[in-house]
Each structure stands twice: as C-alpha cells, then as structure tokens.
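Okay, here's what each chain looks like letter by letter:
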Amino acid sequence: MDDSVRSETTPALRADLLAAVSEIRREAAKAAAVHAALDAMAVFVALRLATQLLSVGDGAAPLAVVPTPEAVAGPLRAVGVALPDPIGISAGSLVVTATAVSWLVVDAALRYERLGVERFEAHNPAVAEALRTARDAAERDVETPVARALYRTVLRRLTETSSRAFVDRRQLVGVTVVLVCCSAGLVGVAGAGVAPLDGGGDAEAIAGTGGAGAGVSGTGAGGPGAGGAAGTNGGADLLGTEGAVERGSENRSLRLAGDGDPSGDGTYGGGSVAAGSADVDPSRAAFSDEERPEAADLVRAYTERIRSEDPDE
Amino acid sequence: MSDRPDTDAFDVETASAAVERVESEIGERIVGQETVVRQLLVCLLTGGNALVEGIPGLGKTLLIRTLAEAIDLSFARIQNTPDLMPSDITGTEVLRESGDDRVFVFEEGPVFANVVLADEINRATPKTQAALLEAMAEGQVTAGGETRALPEPFFVLATQNPIDQEGTYPLPEAQRDRFEMKITITPPSFDEELAIVDRYTGTIDPAPPVETVLTGDELRAIQALVRQVPIADDIRERAVRLVADTRTADRLEYGASPRASMALVVGAKAHALVDGRPYVGEADLEAIARPALRHRVVVDLRAQRDGVTPDAVIEDLL
C-alpha cells in the first residue's frame, strides 16, 4: 500500500507510532549496551590492576589449567604477543571476570530502564508530552479522530528529534580515560618494572640478594622490561615463584691481596680475592714500577722537556 | 433530547478556532478577565456547571448573557431570594381554558433554558437550592408527576456574593461538589477599569453588539470531541493523586471526592482542546486544578485563622 494512503487510516497511524516507539527503545538498548560494555571493561581492568598491585592470590595454585585456544593465540602471535599455553585460571581471575560480567548485565539492565522512552522525551521537550500521550493511547488501541490527529502530530514531530540523548558523551570519555589509564597501569605492573604497593611479592623491580654471612653483599640488576608483558602474571612469571631463603650458617675468612699496603715494595701482582676455597680473580689495570706516577721527578722532567721542545721538531 | 452530536464536524484545530471566536466575541463586551472567560468556556465544554464568586458589579450577568448570545443559546436568569419556591424555578402546572375545557398545562420555569444564570444562589432556601441542583445534576425536572428533560446543551452558572453573608443559606459541601468548577472573579486592574468606563459611558446603548459564532449543536459536537482528547497515564495518575492528597492534607478538614478527579481530567482535556492540542499536558492539569478543587475542599479552622485559603493548599499540593 502506498505510504500516503496508508497514513490516512487511524490503525496504520497507530501502527506507525508503535513502530516509532519500538525504534526509540531499540536505540536506548544499543546505547545502554555500549555504556555497560565500556563500564564493565573499565571495572575488569581496574580490578585486575588492583589485584596485581595488592598481590591478591599470589602463590595460590590455579583452579584449572586450560589450553590456550588457537583462535585467540594465533592472531596475537602474528602481532608478536605470545600467550602462555596452557593458561592457568586462578581464583582471583575468576572473581574479577565474574564481577565484570555481572557488572555488564546489571549495568545494561539498569541503564536500559533509565534510558527508556522517558529519557528520549526529556531531551526532546517539543515532543515529550505528545509522545507520552500518543504511546499510551496507541497501546490502549485508541482510534478516535482526536487520537488520529495526535498520532499524526507525533509522527511528524519525531522526524525533528534526535536520540543523541541516550549517549552520555562526557561519561563515555571519562570511562574511556579510566580504562586507558588502568590498562596502561596493568601493562606496567605486569611487565614494565613497576614496584607493587607493598614493596614485595610479585615484584617486577628485580632485586638480587647476596649470600648472607659471606661478609660481602653483591647486588644484581634486574633489567627493565626483562619479560614480555603479554601472558605474564607479573614478575613471578619471569623469575619463577618467590620463596623463602634460609639464612646461611657457614663462616668463611676473606683475604684481599694487592695494592694499598704503604709498606709494600710497590709491586702489584694483579691482586686476588680469596674466599675459602673459591677464588675470585678480579681483573684491573696495572702499571710498571718505572711508570709509577709517584715518581714526581720523572714526571716533572718529562713535562719540562715537552714544554721546551720546538713544535717543529 | 436530541441525538448524539456529530463529532466529525470538528477536528482539534477547527474546534479550537471556534472557541477562540467565542472568546473574541465575549471580549467585545467584557474587558479583561481573560482567565475567567477561558475557565468559563472550559467548564461549558466539559458539560459541567460553574459556581462564580465575586463581588457585585463585576459583570457576571453580562458575561453569561454574552456567552449565551455568542453561542446562540437560550438564556434565563433566576434571581434567588429567600421566598423563591422550587416551582418558581422548575415550572408548575397551571389551569388554562381551552375552548370550553379547562386543562392543566405545564408552564416551564426559567430552568428550561440552555444557559441559566442563578444569581446569588446562597440567598435561596435549601429546598429551592436542592430543586435547582437536582435539575442541574440530572438534566431533567419532575413536576406534576411527569419527568421533563431539560434542553441540551444545559449550563448553569450560579453566583455567590462572598462579602454579604447575612440572611444567606450557604451551599452545603455536597451541593458544591455538583459544580464542575468554582470560578473566582477579581476586580479589574486600573487600566481595565478605565477601558470599561470608556466603553460603557460613551454611548446610550447598553452593550456593544455580539455576533453569534457557534450554534448549540456545534457546541455539543465540541463537547463530544473534548471527551476524545487522549491523556497520558502519568498525567491521569497525577490528577487522581492530587485529589487523593486533598483527603490527607494537613490543613484541610475535608478533601475532594472522586467526582473531583473526573472534573479535573475532563477539564484538563477541554483546556487542551481550547489550546488547540490533541493531548493533555501538565500545564492543563495545573490550570484547572484550582477552579476544579477549591470549592470541594474545606480548610480547617486553625488554618482559616492563619489566613490559609483552599487555593494556597492546592498550590502546595501541586
């Protein structure tokens, strides 16, 4: 049937109006889904970051170990991200994921309820009361001449309205910023050498420890970015599970030989460090007796000769 | 009684335009009082009756007479006094000679008119008031054992003088509830009063002429159209909630009845139609709330002593 003819009959106008209201509800559902998905992602990343920083669940055995799906691992491998295989699912990860999914569902439902036709009406005051009345009348199958005039009026005014009210741009931008910041923080915590808040545990700032009781403290250096961030569970994945180290009980004597003895003959034998049965051979620069800088007379003689020399010689 | 009115004769735009023409004609005689005129027309379109309160000399009679002329309706005026009998209003059977016979013939009273102005209704005795109000409510009169229908449309405008209460019989609450609206006429502004003086002192003619712009049948068609105006669920609920709130309000001794809810909703519909809208808005409800409720609630003595008026309480409830 031709549209112009169809629009003359009250039942058709009523059907058109109900279709328009359904379209508004669909737009509201889409907007609610977008908002809720973004919020849920932000919640997921923020919780993940919090558990990493607070070292929640460290050392706990995974609840399950599942093989990494090739459909996921393949594309990531193509861009240089290697996922561990198999993947261990910890209780913490499960709680975080469940929280995010619950958030998604509840947030979407609440937003859909709040973003209904009423929100559309509130942001389009020119059509608000008319649309509300027409919607109620159409749902009650009212087909009087006045109702027909109302349906026609509302359908005409709806062409000048917008569903932008369903999208809260400031909120979207805010949540996106939070999401990006938390994601960056998570990457940093997972593999970029950021220390945890409690200063220990799942550390990415790798601190070597010397053997206690040996009389010498050596320090190691953890290289930043020493592990791939993808698929890692913090420094523990890179360095192995941290455990308690027993205090040493063996005492060893240490003797240093080399320069520094003012009563010596000035001969440097290359030096050595002996610690019990384990010898340490340091390597350092040495000089001959004739070239000792302490021979001031010799130095002065050389200097005077250099200064007096003709540059042309 | 005539058949159902033809609602197809009007749509929202033409009905609104017709009412505007009536307003314009009334404006030829009545200076200012736009709100009163609008409320009066709204009440007329609902098919209800109005109680008008205002001091003498504000043009109440002229207003209702002009309304009747603009709509081509028959007009009658009843000046209520304590010795007025019910039969003086409804009519009575009189003995008439018809040739050689004498027969009782029913002589219709002034209530058999389309528009009836019952001046100072609180000066009539309760018995006479009841007769008028019964005719008003039922649209018919029973006299001499026979029930006679009143003409349609039928509109009673009863006036009350608020300042001179001696020797009056104030309408009981149950009787006031039968009026769709109570319209309060306030004195004109200084400029309006100057215009009134200029208009009515420059010529010997009693009043400027008024053109008939609507017929009784057309009025009935518009009245039928009013009932078709859709109202949103939440606005309807607000109207009912407002009336229900008058029953529990602190400063009110008595609240309004469900009849008030009906008056509020149909009044809002008529107000919307007069404004040319095919739907009821919140503003329609708020515009009608005071005239539809003020005579249906009773402010308690403590609040009265503090100068609280029904309008103030309704305003707070809104």
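What you see is a predicted model, and the numbers here were worked out from it, not measured in a lab.

So, the overall build of chain B
- When you go through chain B residue by residue, the secondary structure sums to 13 helices and 11 strands.
- Looking at chain B residue by residue over its 318 residues, the buried ones come to 51%.
- Sequence separation of at least 24 residues holds for 77% of the intrachain contacts in chain B that already meet a minimum separation of 6.

Some words on the packing of helix α2 (residues 34–46) of chain B against helix α8 (residues 216–228) of chain B
Residues and elements named next belong to chain B.
- The interhelical angle for the contact between α2 and α8, taken along N-to-C directions, is 85 degrees, at an axis separation of 8 Å. Taken together, the axes of α2 and α8 lie roughly perpendicular to each other. Of the residues in α8, those in contact with L44, L45 and T46 of α2 are L219, I222, Q223, V226 and R227.
- Split into classes, the residues belonging to the contact of α2 with α8 amount to five nonpolar, two polar and one charged.

Let's talk about the interface of chain A and chain B
- The interface is formed by 15 residues belonging to chain A together with 17 residues belonging to chain B.
- The largest contributions to the chain A side of the interface with chain B come from E129, T133 and V146 of chain A, which together make up 40% of the buried area.
- For the pair chain A and chain B, the interface holds three salt bridges.
- The partner of D234 of chain B in a salt bridge is R132 of chain A, and the shortest N-O contact between them spans 2.9 Å.
- Connecting chain A to chain B are five residue pairs in polar contact (both at pLDDT 80 or more).

Structural notes on the confidence of the model for chain A
Residue and element names in this part refer to chain A.
- Per-residue confidence for chain A gives a mean pLDDT of 69, with 60% of residues at or over 70.
- Note on residues 1–6: pLDDT under 50 across the span, and three contacts to partners over four residues away in sequence or across chains.
- This model gives residues 195–232 a pLDDT under 50, and the stretch forms 51 contacts once residues within four places in sequence are excluded.

Description of the confidence of the model for chain B
Residue and element names in this part refer to chain B.
- Confidence in the prediction of chain B, expressed as mean pLDDT, is 85, and 96% of residues score 70 or more.
- Across chain B, helix α10 (residues 258–274) holds the top mean pLDDT of 92, while helix α6 (residues 173–176) sits lowest at 80.
- With pTM at 0.64, the complex prediction returns an ipTM value of 0.75.

So, the packing of aromatic side chains
Residue and element names in this part refer to chain B.
- Summed over the entire model, instances satisfying the criterion amount to one aromatic pair over all chains.
- With 6.0 Å between their ring centres and 75 degrees between their planes, F106 and F112 make a pair best called edge-to-face.
- Residue class for F106 comes out buried when judged on its relative accessible area of 13%.
- Its end group placed over the ring of F106, R148 keeps NZ or CZ at 3.8 Å from the ring centre.
- A cation sits over an aromatic face here: R277 above Y279, 5.7 Å from the ring centre.

Some words on the pairing of strand β1 (residues 50–53) of chain B
All names here are of chain B.
- In β1, alternate side chains face the same way, and those of A50 and V52 on one face and L51 and E53 on the other are all buried.
- Across four bridges, the pairing between β1 and strand β8 (residues 155–160) is parallel. Residue E53 lies in a different strand from β8, and its bridge partner there is Q160.

Quick word on the pattern of salt bridges
- Here the structure, examined in full by the defined rule, presents 31 salt bridges over all chains.
- E152 of chain B is paired through a salt bridge with R220 of chain B; the nearest N and O atoms lie 3.2 Å apart. Here R220 of chain B lies in helix α8 and E152 of chain B lies in the loop between β7 (146–149) and β8, a separation of 68 residues in the sequence.
- Residue classification places E152 of chain B among the partly exposed residues on the basis of a relative accessible area of 37%.
- Residue classification places R220 of chain B among the buried residues on the basis of a relative accessible area of 9%.
- A single salt-bridge network, built from bridges that share partners, covers R132 of chain A together with D234, R238, E282 and E286 of chain B.

Focus on a nonpolar patch on the surface
Residue and element names in this part refer to chain A.
- Where nonpolar side chains cluster on the molecular surface, the patch consists of V101, L104, V105, V106 and L110 and spans about 420 Å² of accessible area.
- Mapping L110 onto the fold places it in helix α4 (residues 91–114).
- In this structure L110 comes out as exposed when scored by relative accessible area, which is 52%.

Digging into the side chain of Q160 of chain B
All names here are of chain B.
- Here Q160 lies in strand β8.
- A residue is classified by how much of its surface remains accessible, and Q160, at 10% relative accessible area, is buried.
- Only 3.3 Å separates the side chain of Q160 from the side chain of E53, close enough to count as a polar contact.
- Setting aside chain neighbours within four positions, we find Q160 in contact with L51, V52, E53, G54, I121, N122 and L171.

Re the packing of helix α9 (residues 233–246) of chain B against α10 of chain B
Residue and element names in this part refer to chain B.
- In the contact formed by α9 and α10, the axes pass within 9 Å of each other and the chain directions differ by 140 degrees. Relative to α10, the crossing made by α9 is right-handed. Residues R236, A239, V240, L242 and V243 of α9 lie in contact with α10, whose contacting residues are A260, S261, L264 and V265.
- For the contact of α9 with α10, the per-class residue count stands at seven nonpolar, one polar and one charged.

Remarks on the side chain of H271 of chain B
Residue and element names in this part refer to chain B.
- Secondary-structure assignment places H271 in helix α10.
- In this structure H271 comes out as buried when scored by relative accessible area, which is 12%.
- Polar contacts involving the side chain of H271 include one to the side chain of D284, which spans 2.8 Å.
- Apart from the residues lying within four places of it in its own chain, the contact partners of H271 are R38, V42, D284, A287 and I288.

Here we look at helix α5 (residues 126–138) of chain B
Residues and elements named next belong to chain B.
- With 13 residues, α5 extends 18 Å between its outermost C-alpha atoms, agreeing within 8% with the 18 Å of an ideal straight helix rising 1.5 Å per residue.
- Among the residues making up α5, those that are buried are T128, Q129, A131, L132, L133, A135 and M136.
- Where the residues of α5 are buried, they touch β2 (75–79), α4 (86–90), β5 (115–119), β6 (140–143), β8 and α6.
- G139 lies just past α5 and shows a positive phi near 70 degrees.

Describing unusual backbone geometry
- Between E152 of chain B and P153 of chain B the backbone carries a cis peptide bond, its omega angle lying at -5 degrees.
- Tracing the backbone through its elements, the reader meets P153 of chain B in the loop between β7 and β8.
- We note that D141 of chain A has phi near 60 degrees; this positive angle belongs to a residue other than glycine.
- Structurally, D141 of chain A is set in the loop between α6 (128–139) and α7 (145–158).

Cut-off values and rules
- Residues numbered from 1 in each chain as written.
- Chains lettered and ligands numbered in written order.
- Predicted model: local features only at pLDDT ≥ 70, side-chain atom pairs only at ≥ 80, totals over all residues.
- Heavy atoms only, no water.
- Helix = DSSP H or I, 4+ residues; strand = E, 2+ residues; numbered from the N terminus.
- Buried < 20%, exposed > 50% of the residue type's maximum accessible area, 1.4 Å probe, protein only.
- Contact = heavy atoms within 4.5 Å.
- Axes fitted to C-alpha atoms, helices over the stretch in contact; angles between N-to-C directions.
- Parallel < 35°, antiparallel > 145°, perpendicular 65-115°, else oblique.
- Nonpolar A, V, L, I, M, F, W, Y, C, P; charged D, E, K, R; others polar.
- Buried area = accessible area lost by both parts, 1.4 Å probe.
- Salt bridge = Lys/Arg side-chain N within 4 Å of Asp/Glu carboxyl O.
- Polar contact = N/O pair within 3.5 Å; in protein donor to acceptor, adjacent residues only side chain to side chain.
- pLDDT = per-residue confidence, 0-100.
- Phe/Tyr/Trp six-rings, centres within 6.5 Å; stacked < 30°, edge-to-face > 60°.
- Lys NZ or Arg CZ within 6 Å of the ring centre and 35° of its normal.
- Pairing = 2+ DSSP bridges.
- Patch = residues over 30% accessible without salt bridge, like charges linked within 9 Å, V, L, I, M, F, W, Y side chains within 5 Å.
- Areas by Shrake-Rupley, 256 points an atom, 1.4 Å probe, with all protein chains shown as cover.
- Left-handed = near helix turned anticlockwise from the far one by under 90°.
- Expected span 1.5 Å × (residues − 1).

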